[in-house]
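Listed here are the chains, written in short residue letters.
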Amino acid sequence: MSQIALLVINTGGTIGMVADKQTGALKPFDFGNLYQMMPVLGNFDYAIDSYTFNPLIDSSNVTPAFWIELANVISNNYEKYDGFVVLHGTDTMAYSASMLSFMLENLNKPVIFTGSQLPIGVVRSDGRDNFITAVEIAADRQFDTPKVPEVAIYFENKLLRGNRTNKFNAENFNAFLSGNYPPLAEVGVYIRYNTDSILKPNFRNLKVHTALNTSVAVLKLFPGISQNIVNAVLAIDGLKGLILETYGAGNAPTDEWFVDSLRTAIERGITIYNVTQCKGGSVEMGKYETSAMLEKIGVVGGFDITTESAVTKMMFLLGQNLTGHELVIALQTPLRGELTV
Ligand code: ASP
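We now turn to the structure provided with this report. Remember, it's a predicted structure, so these values are computed and weren't measured experimentally.

Following the criterion strictly, the structure yields 8 aromatic pairs and no others. Measuring from centroid to centroid gives 5.0 Å for Phe53 and Phe66, while their planes differ by 45°, and the two rings are tilted. Of this pair, Phe53 sits in strand 4 (residues 47-57) while Phe66 is found in helix 2 (residues 64-76), placing the two residues 13 residues apart along the sequence. Summarising the burial analysis for this pair, Phe53 and Phe66 share the class buried. Both rings, one in Phe102 and one in Phe316, keep their centres 5.8 Å apart while their planes meet at 20°; by these two values the pair is stacked. A residue pair is termed long-range when its members are at least 10 positions apart, and Phe102 in helix 3 (residues 93-103) and Phe316 in helix 8 (residues 307-319) qualify at 214 residues. Cluster of aromatic residues (ring-pair linked, three or more members): Tyr51, Phe53 and Phe66. The residue whose ring lies beneath Lys109 is Tyr78, and the NZ or CZ to ring-centre distance is 4.8 Å.

Another aspect to go through is the packing of helix 5 (residues 227-234) against helix 6 (residues 256-267). Where helix 5 contacts helix 6, the two axes come as close as 10 Å, and the packing angle between them is 5°. Comparing the axis directions of helix 5 and helix 6 gives the class roughly parallel. On the side of helix 5, the interface is formed by Gln227, Val230, Asn231 and Leu234, while helix 6 contributes Trp257, Phe258, Ser261, Leu262 and Ala265. Of the residues that constitute the contact of helix 5 with helix 6, the class distribution is 6 nonpolar, 3 polar and no charged.

Ranked by size, the top nonpolar core spans 50 residues in total, and within it Ile9, Leu70, Ile74, Leu100, Val111, Phe113 and Tyr273 carry the most contacts. The greatest single-element share of this core, amounting to 7 residues, is contributed by helix 8. Setting aside its immediate chain neighbours within four residues, Leu70 contacts Ile9, Phe53, Val86, Leu100 and Phe113. Counting 32 residues, the second largest nonpolar core, distinct from the first, contains Leu6, Val8, Leu159 and Val187.

Rules of the game
- Residues numbered from 1 in each chain as written.
- Predicted model: local features only at pLDDT ≥ 70, side-chain atom pairs only at ≥ 80, totals over all residues.
- Heavy atoms only, no water.
- Phe/Tyr/Trp six-rings, centres within 6.5 Å; stacked < 30°, edge-to-face > 60°.
- Helix = DSSP H or I, 4+ residues; strand = E, 2+ residues; numbered from the N terminus.
- Buried < 20%, exposed > 50% of the residue type's maximum accessible area, 1.4 Å probe, protein only.
- Lys NZ or Arg CZ within 6 Å of the ring centre and 35° of its normal.
- Axes fitted to C-alpha atoms, helices over the stretch in contact; angles between N-to-C directions.
- Parallel < 35°, antiparallel > 145°, perpendicular 65-115°, else oblique.
- Contact = heavy atoms within 4.5 Å.
- Nonpolar A, V, L, I, M, F, W, Y, C, P; charged D, E, K, R; others polar.
- Core = buried A, V, L, I, M, F, W, Y, C linked by side-chain atoms within 4.5 Å.

As structure tokens, then:
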């Protein structure tokens, strides 16, 4: 077997940040050479190259243009490398991992996102372990086939499907949650892969989708939400898709004005995707009276999809110019294992 080749893509985030001397605020820093940042990588028997984003960013500054660059870096290097590790800020990692899962159709190689809560230069950093294990997972194979041919997030001893995660903690090392899908692997002395839960390779050619449409909004319901707010959001010029964050199993107020506003928006061609505010469990429209109306007027149930995945999936599908019934079907179909019907 030939030597495994990996590409580490450094996009920024805390993992590679330093404190600004004047203000003390953390900002991304270009270490120049990967081995300077992590000399221990030299102990692996892999050929590891790196690609550094310019500028390196705090992930709060992620944009669709950033996703397109990331997808292009992976596709341009797809044949040359056996796996990819993406160093990324944790704040929007779940969005980027979700989006990349949609953009990279027929992915048959690992794309493992990781980052850290403390910069790698800090003595107690969680970054070193996350980074080293992410590299090992990206390289791991069974005979000639990668063990994780999908987009995943490795963080604090767990490998999670990228499009199933949320960042749920701003300071614990254990920062990511996959409320509706089991870990793809758990890491202790051994890396124990949950093989049955990992997507199977389809051995087709990678297809990269870079057309994204950002005419999307998220509306989170709360008791007391006013008609003005709902109508202002639905009146946004050019709005095509609305992620409606509902309560529990997909429930919403039954007030006439509320249902009427949604109905009118749907008639105007806006697709409304019902996603629960809960971190676990699924939307079941019709289970309660408070969701039956939504179903009746044509709101699309998102099952157990995360908001991060719903937003990026909507941008991706609108970018494919899907509309009407076709869009509804695609939203309710698991494309990359992002939802369970
Ligand atoms: N603000 C940082 C970022 O998301 C936080 C982190 O990396 O953990 O880029």
